[in-house]
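Understanding the architecture of this molecule
What follows is each chain in one-letter form.
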Amino acid sequence: MVVHEGARAQLEALREGLLGVHKALLAIARAEYEGANGPIAGPGALLQLLIGDEAFAWLHPVSELAARADELMEEPAIAAAELSAIARTAATLLAPDEAGSGFAKRYFDAIQASPDVAMAHAEARRAIAAMSAPAS
């Protein structure tokens, strides 16, 4: 089954939500990094750190999922199963957990510490909910 254009708009909203979360989390990771190591020299240096430095590795699941949404947006037709799968993956990833570990714990802490992260989280969760709602 191939999804309709409304679903493509939902996928775009999810992509934007993921990018918003990533941007807000990146601001926190950058501030932490610069607090420990001094200012980052420029955008190229930040990109290199984002790709290869352990301090930014926890952001990779969000950037990879946003990239997957980008890939799906390029497809002429998107299978409903793929759309459903990316919504489930996003819902699982963007599940903060105070008692958790890894990304879930860091994400929880970031939401608590930053209104920008909290707002981006809410926007992304709205997009996930819209994708998960039964079609009418």
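This report concerns the structure included in the present document. (Residues numbered from 1 in each chain as written. Predicted model: local features only at pLDDT ≥ 70, side-chain atom pairs only at ≥ 80, totals over all residues. Heavy atoms only, no water.)

Within the element layout of this structure, Gly-100 appears in the loop between α4 (80-93) and α5 (102-113). Since its relative accessible area comes to 26%, Gly-100 is described here as partly exposed. Taking C-alpha positions, Gly-100 is 21 Å from Glu-64, a pair spaced 36 residues apart along the chain. (Helix = DSSP H or I, 4+ residues; strand = E, 2+ residues; numbered from the N terminus. Buried < 20%, exposed > 50% of the residue type's maximum accessible area, 1.4 Å probe, protein only.)

This part is about the pattern of salt bridges. Throughout the structure, instances matching the rule amount to nine salt bridges. For the salt bridge of Asp-70 with Arg-15, the shortest nitrogen-to-oxygen distance reads 2.1 Å. Residue Asp-70 is found in helix α3 (residues 60-74), and its partner Arg-15 is found in helix α1 (residues 5-37); the two are separated by 55 residues along the sequence. Accessibility expressed as a relative area gives 32% for Asp-70, which makes it partly exposed. (Salt bridge = Lys/Arg side-chain N within 4 Å of Asp/Glu carboxyl O.)

Helix length check: α3, at 15 residues, gives a terminal C-alpha distance of 21 Å against a target of 21 Å (1.5 Å per residue), a fit within 8%. Among all positions of α3, only Val-62, Leu-65, Ala-66, Ala-69 and Leu-72 are buried. Relative to the axis of α3, the buried residues are bounded by an arc of 115° and lie together on one face. α3 presents Glu-64 and Glu-74 as exposed residues on the side facing more than 90 degrees away from its buried surface. (Expected span 1.5 Å × (residues − 1). Arc of directions from axis to C-beta.)

Packing of α4 against helix α6 (residues 115-132) brings their axes to within 9 Å, and their N-to-C directions diverge by 145°. Our pair here, α4 against α6, has a crossing hand that is left-handed. In contact with Leu-83, Ile-86, Ala-87, Ala-90 and Ala-91 of α4, α6 contributes Arg-125, Ile-128, Met-131 and Ser-132. When the residues that make up the contact of α4 with α6 are grouped by side-chain class, the tally is seven nonpolar, one polar and one charged. (Axes fitted to C-alpha atoms, helices over the stretch in contact; angles between N-to-C directions. Left-handed = near helix turned anticlockwise from the far one by under 90°. Contact = heavy atoms within 4.5 Å. Nonpolar A, V, L, I, M, F, W, Y, C, P; charged D, E, K, R; others polar.)

Once that is clear, we can look at the packing of α3 against α4. Viewed as axis vectors pointing N to C, α3 and α4 meet at an angle of 165°, and their least axial separation amounts to 11 Å. By the criterion of interaxial angle, the relationship of α3 to α4 is roughly antiparallel. In the crossing of α3 with α4, the sense of the turn from one axis to the other is left-handed. Contact residues: α3 offers Pro-61, Val-62, Leu-65, Arg-68, Ala-69 and Leu-72, while α4 offers Glu-82, Ile-86, Thr-89, Ala-90 and Leu-93. Looking at the contact of α3 with α4, its residues break down into eight nonpolar, one polar and two charged. (Parallel < 35°, antiparallel > 145°, perpendicular 65-115°, else oblique.)

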